[in-house]
Amino acid sequence: MKIFLLFTFLPFLLSSFKQAAASAHYDKILTHSRIRARDQGPNVCALQQVMGTKKKYFSTCRNWYQQSICGKKATVLYECCPGYMKMDGTRGCPAVAPIDHVYGTLGIVGATTTQRYSDISKLREEIEGRGSFTFFAPSNEAWDQLDSETHRNLVDNVNIELYNSLHHHMLNKRMLTKDLKNGMTLVSMYNGQKLFINHYPNGVVTVNCARIIHGNQIATNGVVHVIDRVLTSVANTIQDFIEFEDELSSFRAPAITSGVMDILGRPGHYTIFAPTNEAFEKLPRGVLERIMGDTVASEALVKFHILNTLQCSEAITGGAVYETLEGNTVEVGCDGESLTVNGVKMVKRKDIVRSNGVIHLIDQVLIPDSAKQVIELGGAQQTTFTELVAQLGLASSLRPEGQYTLLAPLNGAFSDDTLGLDQRLLKRILQNHIIKVKVGLNELYNGQELETIGGKLLRVFVYRTAVCIENSCMVRGSKEGRNGFIHIFRQIINPAEKTLHEMLRNDKRFSIFLSLVKAADLDDVLSRPGQWTLFVPTNDAFKGLTDDDKDVLIRDKNALRNILLYHLTQGVFIGSGFEPGVTNILKTIQGGKLYLKTVNDTLLVNELKSRESDLMATNGVIHVIDKLLYPAELPVGNDQLLTILKKLIKYIQIKFVRDSTFKEIPLTFYNPSITQLTKLIEGEPEFKIVREGETITKVIHGEPIIKTYTKIIDGRPVEVTEKKVTEERIIQGPEIKYTRITAGGADNEEKLKKILEEEVTKVTKFIEGDGHLLEDEEIKRLLQGAGTEYTKVTKVIEGDPQIIEREIKKVHLEEAPARKAQPTRRAQGGGARRRTRLAHS
């Protein structure tokens with residue numbers, strides 16, 4: 001039973017501790033202040049005072065170690081902690097301050113002006129007598145800073161105005177700082193007026209945005225908290241203030257039309273940074289008209305100025321990020337006595353307290369990303385891109401009602417050579433950075449293709465810590481605007497134009513590697529569509545290789561393929577897509593492993609530096625290296641081959657195991673591209689490119705079924721003959737294997753002609769990829785019917801044909817009057833036989 005009671009009570013106990021901790025930030029900060037001052041003696045607290053002011057704080061760790069508050073240098077002071085006092089001849093504050101009634105305690109804490117006003121207003125007798133009070137006592141400086149007219153009116157009418165004002169600073173119960181919870185509303189001793197409490201994580205406690213600067217001074221009949229300003233009555237809501245404040249008429253209009261004004265009339269704890277009319281006048285006219293004419297944008301703009309938490313200026317001792325009602329965040333900070341929003345001093349008037357929050361007037365309009373056009377989302381690091389888009393006339397094509405995605409390179413990505421290009425070429429480059437649709441970061445996936453306004457297709461590559469489009473990877477800073485997204489990229493995006501094979505063929509640096517690729521029959525791998533990463537050694541990697549050495553390599557095709565395919569891996573891996581300093585292990589087509597990492601923006605492959613990386617091809621990416629790669633764990637069993645490899649590879653020790661052989665690597669790791677002769681027909685030839693994977697639908701007619709039966713037509717029996725035909729629509733394909741012809745090279749052209757002469761009469765279809773063969777006049781002549789004595793064709797269809805539709809057609813061939821079985825002659829007087837051909841049913 002005891003255990004049961006313990007577990008029942010435990011959650012309640014823990015909950016109580018959590019609530020106490022959540023509302024005891026002031027006491028926690030005070031404890032830290034004691035610890036910092038422990039070398040000064042007992043009961044001493046360390047405070048920070050902003051230089052040039054009298055403002056003192058029990059500081060957070062952040063402010064303490066930065067040695068500043070609100071960006072201003074802060075000096076350290078050591079004072080007695082609240083409730084303690086010094087004694088002559090001793091260190092620290094070993095004595096306890098004398099406990100007295102509230103009136104006497106006002107003098108102990110130095111709030112002598114409040115004490116004097118309590119005396120002349122006849123409040124003294126009450127706060128010296130019986131009861132339990134909390135007095136939020138303005139400091140002497142607070143009374144000095146009070147508006148002179150208000151101050152004079154209070155002092156001139158001490159028995160009513162001053163007395164009521166002091167009562168407004170009081171509660172009829174004792175509440176320590178730990179009892180003052182954030183968001184609490186208390187009732188003062190004057191006319192039921194409300195006091196709004198905020199208790200912030202940095203230890204600041206405010207009452208109607210007045211900060212408690214000395215708290216918890218215990219009295220015999222209550223407690224005194226010294227505050228830094230005189231409290232005034234709080235009435236009406238934020239909505240009421242905006243509706244009647246002439247300086248906010250420009251802000252009032254969108255607040256009403258968007259329906260946000262109603263929110264500001266409800267109970268809550270809001271902070272609103274309200275832009276003045278002057279702030280709206282600073283906006284470009286076109287921008288203001290566009291936003292005000294768009295209800296979604298105007299609502300977003302108004303909500304972007306509102307926080308769902310109450311932030312008094314005195315509670316802000318450093319920058320902090322707060323979420324707005326619009327959903328995005330603003331950074332609220334301070335610079336000396338001034339409040340800042342997103343790092344800018346813009347607050348003209350602060351801490352206008354109302355019943356449901358506080359208002360700070362600002363002289364700039366805050367425009368959220370969601371109310372901006374996509375071209376307006378560019379920041380200081382993308383100005384080159386956004387300015388070029390405007391200069392080259394592309395900004396006008398980004399319609400407000402459209403949907404776009406901008407891929408904006410950083411300013412540093414634009415070299416002088418790029419900026420010096422012909423404007424037409426520069427415009428095409430920029431078009432490759434504008435996507436036709438709106439695509440957010442979380443909508444991108446590996447293998448995705450995005451179409452630009454210039455008609456190019458850009459590929460998306462997603463890695464563990466990076467998202468890249470073609471050769472360039474994103475950096476942080478994606479934003480969503482009214483009509484699109486903007487993503488930030490390290491480099492200018494260069495869409496691929498050529499295959500891996502074409503790139504090697506067009507660059508003389510790779511001629512030796514390419515010749516070996518050809519000798520190993522791997523040309524087709526690098527030519528056809530795919531997703532490959534190829535590490536290409538330059539000719540420098542083959543220094544010392546003689547023609548005889550090359551012949552040895554070529555003769556051992558298995559060895560050559562093992563070496564070359566160790567340079568190839570499935571998938572496109574961009575160098576800048578790797579997490580810096582982290583080793584990435586890739587499995588090659590040969591079966592061995594490559595170890596990649598980036599250090600100082602340089603790609604290392606098996607610790608070898610890539611001299612040039614991220615050369616994009618339509619079927620992959622090339623990383624240039626100046627050494628031949630070889631899998632360290634793969635032994636060589638041939639002395640001659642070992643000698644050759646040692647010439648080329650000096651950065652690792654190659655294993656030798658006599659008579660070991662290289663495994664055979666079949667070319668089944670990719671689907672080879674073949675030229676297919678697909679169909680033999682009679683009649684005039686038809687030339688057509690058949691795309692890979694295309695299927696042929698064929699209609700097959702079944703044998704007809706003849707059926708005769710008697711049918712009554714117009715009251716007379718008629719004999720009907722019906723033909724029933726079944727049609728089946730069948731998919732044949734995909735047609736995979738035919739007589740194979742490999743194109744390319746003079747020898748192969750001759751081979752093609754020979755095969756055509758031997759096997760084909762008239763050929764009508766080609767698989768896409770070798771249509772260029774039709775440009776050869778002799779081949780074309782053969783295809784158009786030469787050599788008609790040859791008729792052989794090879795054709796294999798993969799899989800069984802699939803019936804996709806079956807249709808039965810009935811044809812009534814004829815109708816005749818029905819005849820009786822017995823008579824063999826025609827009835828006299830009978831009319832001519834009636835024949836009727838019926839349409840298909």
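Overview of the structure. This is a predicted model, so every value here is computed, not measured. (Residues numbered from 1 in each chain as written. Predicted model: local features only at pLDDT ≥ 70, side-chain atom pairs only at ≥ 80, totals over all residues. Heavy atoms only, no water.)

1. Side note on the environment of A320
The test is simple: Secondary structure elements follow DSSP: runs of H or I of four or more residues count as helices, runs of E of two or more count as strands, with numbering from the N terminus. Here, two residues are considered to be in contact whenever any of their heavy atoms come within 4.5 Å of each other.
Among the secondary structure elements, A320 is positioned in strand β16 (residues 320-323). As for A320 and V330, which are separated by ten residues in sequence, their C-alpha atoms are 8.4 Å apart. Contacts of A320, omitting those with residues within four sequence positions, involve V330, E331 and V332.

2. Some remarks on the packing of aromatic side chains
Basically, it comes down to this: Only the six-membered ring of Trp is used, alongside the rings of Phe and Tyr, when aromatic pairs are assigned; centres must lie within 6.5 Å, and planes under 30 degrees apart are stacked while those over 60 apart are edge-to-face, with the rest tilted. When accessible area is computed with a 1.4 Å probe and restricted to protein chains, residues below 20% of their type maximum are described as buried, those above 50% as exposed, and intermediate ones as partly exposed. Definition used: whenever NZ (Lys) or CZ (Arg) falls within 6 Å of the ring centre and also within 35 degrees of the ring normal, the charge is taken to sit over that ring.
In total, this model carries five aromatic pairs according to the counting rule given. Measuring from ring centre to ring centre gives 6.3 Å for Y26 and F58, while their planes differ by 90°; the resulting arrangement is edge-to-face. Linking Y26 in helix α2 (residues 25-36) with F58 in the loop between β2 (56-57) and α3 (61-66), this pair joins segments that are 32 residues apart in sequence. Grouping residues by exposure puts Y26 and F58 together as buried. Clustering of aromatic rings is evident, with ring pairs tying together Y463, F573 and F578. We note R211 situated over the ring of Y57; from NZ or CZ to the ring centre the distance is 4.0 Å.

3. Things to note about the sheet that holds strand β29 (residues 532-537)
This is how it is decided: For two strands to pair, DSSP has to find at least two bridges joining them. Axes, fitted as lines to C-alpha atoms, cover a helix only where it is in contact. Angles between the N-to-C directions of the axes lie from 0 to 180 degrees.
Taken in spatial order, the seven strands line up as β30-β29-β35-β34-β33-β32-β31 in an open sheet, and their pairing is mixed. A strand with exactly one partner marks an edge of an open sheet, and here the two such strands are β30 (568-570) and β31 (584-587). Taking the axes of each pair of neighbouring strands and ignoring which way they run, one obtains an average angle of 30° across the sheet. With two bridges connecting them, strand β33 (residues 602-605) and strand β34 (residues 608-617) associate as antiparallel partners. When the bridges of β34 are listed, L604 appears paired with K609.

4. Quick notes on the packing of helix α22 (residues 547-555) against helix α23 (residues 557-565)
Rules: Should an angle fall under 35 degrees it is taken as roughly parallel, and over 145 as roughly antiparallel, whereas 65 to 115 is taken as roughly perpendicular and any remaining angle as oblique. Each residue gets one of three labels, nonpolar for Ala, Val, Leu, Ile, Met, Phe, Trp, Tyr, Cys and Pro, charged for Asp, Glu, Lys and Arg, and polar for the others, Gly among them.
Taken N-terminus to C-terminus, the directions of α22 and α23 make an angle of 95°; their axes are 5 Å apart at the nearest point. Considering the angle they form, α22 stands roughly perpendicular to α23. Listed contacts from α23 to L553, I554 and R555 of α22 are K557, L560 and I563. In the contact of α22 with α23, the residues fall into four nonpolar, no polar and two charged.

5. Topic: the state of the cysteines
Threshold: Any two cysteine sulfur atoms within 2.5 Å of one another count as a disulfide.
Summed over the entire model, instances satisfying the criterion amount to five disulfides. The disulfide bridge from C468 ends at C473, spanning 1.9 Å between sulfur atoms. On the sign convention where negative is left-handed, the bridge of C468 and C473, at about 85° about the S-S bond, is right-handed. By the burial criterion, C468 is buried, and C473 matches it. Taken N- to C-terminal, the disulfide-bonded cysteines of the protein are connected 1-4, 2-8, 3-5, 6-7, 9-10.

6. A look at the sheet that holds strand β28 (residues 484-489)
Think of a sheet as strands paired side by side through backbone hydrogen bonds, with each pair either parallel or antiparallel. What the seven strands build is an open sheet, ordered β23-β22-β28-β27-β26-β25-β24; its pairing is mixed. Whereas interior strands pair on both sides, the edge strands pair on one side only; in this sheet they are β23 (434-435) and β24 (449-451). Looking at chain direction, strand β22 (residues 404-409) and β23 are connected through two bridges and run antiparallel. Opposite L406, over in β23, you have I434 as the bridge partner.

7. A closer look at the pairing of strand β7 (residues 133-138)
With six of six residues buried, β7 lies mostly within the body of the structure. Neither face of β7 is exposed, since F133, F135 and A137 on one face and T134, F136 and P138 on the opposite face are all buried. Note: β7 against strand β8 (residues 170-171), two bridges, orientation antiparallel. Paired with T134 across the two strands is L171, which belongs to β8.

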